[in-house]
Amino acid sequence: MAEASGALTWLAPALVPLAAMLLLLPGLRRLSGLRLLLPLAALPALGVALFAPPGAVDLPWLFLGARFGLDGTGRIFLLFTAALWLAGGVHALGYLHDDPRRNTFWLFWCAAMAGNFGLVLAQDAASFYVFFALMSFAAYGLVVHSRTPEALHAGRVYLALVVLGELALFAAIALAWQAAGSLNFADIGPALAASPWRDAVIALTLLGFGIKVGALPLHVWLPLAHPVAPTPASAVLSGAMIKAGLLGWLRLLPLEGPGAGAPVWGEALVLLGLTAAFAAALVGATQRQAKAALAYSSISQMGLVTVAVGIALAAPAAAPAAVAAATLYAFHHAFAKAALFLGVSLGGAATPGHRALWMLGLALPALALAGAPLTSGFAAKAALKAALPETWAWLGMALSLAAAGTTLVLLRTLWLLKRDAGSHAAHPPNPAMWAGWALLVAASAAGWFMIGDARDLLPATTSDWAAAIWPIVLGAILALLVWAWRRRRVGADAFTVPPGDLLVPLLALAGAVAGSKRHQQVPPAGHAEHGTEEVAQATVPSWPGLARAESALARGAGLALALLGAAMVALLIVSA
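Residues numbered from 1 in each chain as written. Predicted model: local features only at pLDDT ≥ 70, side-chain atom pairs only at ≥ 80, totals over all residues. Heavy atoms only, no water.

Enquirer: Honestly, the overall build of the chain in this entry has me stumped. Any pointers?
Expert: A tally of helices and strands in the chain yields 21 helices and two strands. Every one of the 576 residues in the chain was classed for burial, and the buried ones make up 56%. Considering only residue pairs separated by 6 or more positions, the chain has 82% of its internal contacts joining residues 24 or more positions apart. As presented, the chain carries roughly 22,500 Å² of accessible surface, and 70% of it is formed by carbon and sulfur atoms. (Helix = DSSP H or I, 4+ residues; strand = E, 2+ residues; numbered from the N terminus. Buried < 20%, exposed > 50% of the residue type's maximum accessible area, 1.4 Å probe, protein only. Contact = heavy atoms within 4.5 Å. Areas by Shrake-Rupley, 256 points an atom, 1.4 Å probe, with all protein chains shown as cover.)

Here it is as structure tokens:
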């Protein structure tokens, strides 16, 4: 019985959201008050993160021999992940209170939540893969929730990349299993050092998880998905789900232990991370939608995390500090970025007092992301710079310049939010929306005290103060110059890089090729008009069967997954 109890401790965070789907059954939908309990499905995960002692349990009958547990890295990931899903769920109660598709939203929300919690607690590659796939595919339902042409197009791009990523991860895990003879993460890293498949596993792992991280050039789904997804979904997508890709890198790549490191791959990752940090900030500064600008900000910020992982691969001696820095940065970014995303939906604040509170609440996480002193961003960036080996010391200046880019794109975001305040708010803010957002603003401001020291937030010397402040000042000057240029130059205000950037010319080329073929087969009169939507549909198939499958999932998946969770609990008790 003790073994079953231990297994339930580690599996409850994933099983409770699956069981919560029972509240969405047709017979219970009339009891609308029960939906108020759905955000509470994140509480077991939060409780495990806060109170469960380190440990693990083996379940040889589950998957290919599963292991679930919690280590130091996993605890930090589970803490911010659970807090984000809880706050996002509270916000969603208000955001979706009159949405006719809210039951379908909650179905996909709970499934994605279960996958997110399960992968954090997984200590073996097979379990991680199963829960990562559950989260990834369930997130498709969140992206396409509005069913607009733009949402469906973003969903198809996202789904195509998810399938590519899952195939890459399956191959990586299969090769790792062959090399190690085990699927436990603790066994895979050392075994890869002497394996002929080492480079193949690293390449496939970087590809498969890089899609979720938003690493260049695999980032194109993020600026398409965020503007169309419901705001609570955007918050967990950027705050929690993209961090699952980072955790996958930390688990599967040979970062620590005997034979750790891969200098060539690490250096390439550093280069890609730096490119993302600067390029995404510049592209984000041209956006005309706040959520698109925030999406590019996430790509830029995850570029800095990619640099940390690259350092760990390139310089094994620095790996422990680099992994710790990447984990701390993920914690900081999760709360700050999710708070900004939830803040987008509060633009309809009616009174001057509420609008002032809204702008203040947006400024706090924005300052954290820019790395201002007395914020978690300062502490996280200091940890990242401290992890740099002496031979990589030049990266410190690059990271400071990246903070100027962050300031630039965030000032653009805040300007867009202020400009659009009240003009197109989908939902007048209600208490639940304010409450969910306030939780994240508070977590962004004070969450660091749960994992770090208050002294980490304060520069130690005058030169440290100057080093922290000058990138923000430079970013503000650049933002002012760009604003002046847009005002004075005719047509400059219309300049923007289309969301999806690298994907846009590829889609245009594919559309031109497809259009040329159609012109060869169909009389010209049938093609008098071609809009952007038609090009997108020609390039990314509409897959009518997908809509039917989604409809079937919405009707029956809640019961099926809830029964699966109940069956797993029963098996745990019987096997004790």
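Right, picking up where we left off after that structure.
Enquirer: Hey, could you run me through the nonpolar core in this one?
Expert: In terms of nonpolar packing, the biggest core is built from 187 residues, with Phe 68, Trp 85 and Trp 221 touching the most fellow members. Ranked by residue count, the leading element in this core is helix H13 (residues 319–344), at 18 residues. The contact partners of Trp 85, leaving out residues within four places of it in the chain, are Ala 42, Trp 109, Ala 112, Met 113, Asn 116, Phe 117, Val 236, Ala 240 and Met 241. (Core = buried A, V, L, I, M, F, W, Y, C linked by side-chain atoms within 4.5 Å.)

Enquirer: Got a minute to help me understand helix H16 (residues 395–420) in this structure?
Expert: Quick reminder: α-helices carry 3.6 residues per turn. Residues three or four places apart thus point the same way. The end-to-end C-alpha distance of H16, which contains 26 residues, comes to 37 Å, matching closely the 38 Å that a straight helix rising 1.5 Å per residue would cover. Taking burial as the measure, the 26 residues of H16 include 20 buried ones, the bulk of the element. (Expected span 1.5 Å × (residues − 1).)

Enquirer: Hey, could you run me through the packing of aromatic side chains in this one?
Expert: Between two aromatic rings, the relevant description is the distance of the centres plus the angle of the planes. Enumeration over the complete set of coordinates arrives at 16 aromatic pairs. Judged by centre distance (6.0 Å) and plane angle (75°), the rings of Phe 68 and Phe 131 are edge-to-face. Remark: Phe 131 occurs in helix H5 (residues 125–143) and Phe 68 occurs in strand E2 (residues 66–70); sequence separation between them is 63 residues. By relative accessible area, Phe 68 is classed as buried at 1%. Three or more aromatic residues joined by ring pairs make a cluster, and in this case those are Phe 77, Phe 80, Phe 331 and Phe 335. Over the face of the ring belonging to Trp 221 we find Lys 212, whose NZ or CZ atom lies 5.9 Å from the ring centre. (Phe/Tyr/Trp six-rings, centres within 6.5 Å; stacked < 30°, edge-to-face > 60°. Lys NZ or Arg CZ within 6 Å of the ring centre and 35° of its normal.)

Enquirer: Could you clarify how one ought to interpret unusual backbone geometry in this entry?
Expert: What you tend to see is this: most non-glycine residues have negative phi, and most peptide bonds are trans. With an omega of -5°, the peptide bond running from Leu 216 to Pro 217 counts as cis. One can find Pro 217 in the loop between helix H8 (198–213) and helix H9 (221–228). Its identity as a non-glycine residue notwithstanding, Arg 147 has a phi of 65°, on the positive side. Looking at Arg 147, the relative accessible area reads 28%, which means it is partly exposed.

Enquirer: Any chance you could explain the pattern of salt bridges here in plain terms?
Expert: It is possible for side chains of opposite charge to pair when their charged atoms get near one another. Summed over the entire model, instances satisfying the criterion amount to three salt bridges. Linking Arg 198 and Asp 199 is a salt bridge whose minimum nitrogen-to-oxygen distance equals 3.2 Å. Residue classification places Asp 199 among the partly exposed residues on the basis of a relative accessible area of 41%. (Salt bridge = Lys/Arg side-chain N within 4 Å of Asp/Glu carboxyl O.)

Enquirer: Even after reading the chapter, I still don't get the packing of helix H10 (residues 231–252) against H13, so can you show me in this structure?
Expert: Axis angle and axis distance: for two packed helices, these are the angle between their axes and the distance between the axes, and together they describe the pair. It is at 7 Å that the axes of H10 and H13 come closest, and there the two elements cross at 170°. By the angle between their directions, the pair H10 and H13 is classed as roughly antiparallel. Facing Thr 231, Pro 232, Ser 234, Ala 235, Ser 238, Gly 239, Ile 242, Lys 243, Leu 246 and Leu 250 of H10, the residues of H13 in contact are Val 323, Ala 326, Thr 327, Ala 330, His 333, Ala 334, Lys 337, Ala 338, Phe 341 and Leu 342. Its residues assigned to classes, the contact of H10 with H13 comprises twelve nonpolar, six polar and two charged. (Axes fitted to C-alpha atoms, helices over the stretch in contact; angles between N-to-C directions. Parallel < 35°, antiparallel > 145°, perpendicular 65-115°, else oblique. Nonpolar A, V, L, I, M, F, W, Y, C, P; charged D, E, K, R; others polar.)

Enquirer: How do you make sense of the packing of H13 against helix H14 (residues 352–370) when you look at a structure like this?
Expert: One way to put it is that H13 packs onto H14 with a least axis distance of 9 Å and a crossing angle of 150°. As the angle between them shows, H13 and H14 are arranged roughly antiparallel. For the crossing formed where H13 meets H14, the hand is left-handed. Only Trp 358, Leu 362, Pro 365, Ala 366, Ala 368 and Leu 369 of H14 make contact with H13, whose side of the interface consists of His 332, His 333, Ala 336, Lys 337, Ala 339, Leu 340 and Gly 343. Split by residue class, the contact of H13 with H14 holds nine nonpolar, three polar and one charged. (Left-handed = near helix turned anticlockwise from the far one by under 90°.)

Enquirer: Please clarify how the environment of Leu 84 should be interpreted in this entry.
Expert: Within the secondary structure, Leu 84 sits in helix H3 (residues 72–95). Using a relative accessible area of 2% as the deciding quantity, one classes Leu 84 as buried. In this structure, the C-alpha to C-alpha distance between Leu 84 and Ala 334, residues 250 residues apart in sequence, is 7.8 Å. Setting aside residues up to four positions removed in sequence, Leu 84 forms contacts with Val 236, Gly 239, Ala 240, Ala 334, Phe 335, Ala 338 and Leu 440.

Enquirer: I'm lost on the pairing of strand E1 (residues 55–59) in this one. Help?
Expert: Put simply, side chains in a regular strand alternate between the two faces of the sheet. Both E1 and E2 contribute to a ladder of five bridges, which runs antiparallel. What sits directly across from Ala 56, in E2, is Gly 69. Between the antiparallel neighbours E1 and E2 lie six residues, among them Phe 63 with a positive phi of about 55°. (Pairing = 2+ DSSP bridges.)

Enquirer: How should I be thinking about the environment of Leu 458 in this particular structure?
Expert: Inspection of the secondary structure puts Leu 458 in the loop between helix H17 (431–446) and helix H18 (462–488). A residue is classified by how much of its surface remains accessible, and Leu 458, at 45% relative accessible area, is partly exposed. C-alpha of Leu 458 to C-alpha of Thr 375: the two residues are 83 residues apart in sequence and 8.2 Å apart in space. The residues contacting Leu 458, other than those within four sequence positions of it, are Leu 374, Phe 378 and Trp 465.

Enquirer: I'm lost on the confidence of the model for the chain in this one. Help?
Expert: Low pLDDT marks stretches whose predicted atomic positions should not be read closely. Taken over all residues, the pLDDT of the chain has a mean of 84, while the share at 70 or more is 84%. The low-confidence segment residues 521–542, where pLDDT is below 50, has 22 contacts with residues more than four positions distant or belonging to other chains. (pLDDT = per-residue confidence, 0-100.)

Enquirer: Explanation requested: the environment of Val 130 in the structure shown.
Expert: Tracing the backbone shows Val 130 in helix H5. Judged by its relative accessible area of 34%, Val 130 falls in the partly exposed class. Distance in space between the C-alpha atoms of Val 130 and Gly 118 is 8.7 Å, their sequence separation being twelve residues.

Enquirer: Explain the side chain of Thr 375 here, please?
Expert: Position of Thr 375 among the secondary structure elements: in the loop between H14 and helix H15 (376–386). Polar side-chain contacts of Thr 375 include one of 2.5 Å to the backbone oxygen of Ala 372. With near-sequence residues (within four places) excluded, Thr 375 lies in contact with Leu 367, Ala 368 and Leu 457. (Polar contact = N/O pair within 3.5 Å; in protein donor to acceptor, adjacent residues only side chain to side chain.)

Enquirer: Whenever I open this one, helix H6 (residues 149–180) confuses me. Can you help?
Expert: Here H6 spans 46 Å end to end across 32 residues, near enough to the 46 Å set by a 1.5 Å rise per residue. Of the residues trailing H6, Gly 181 is marked for its positive phi of about 70°.

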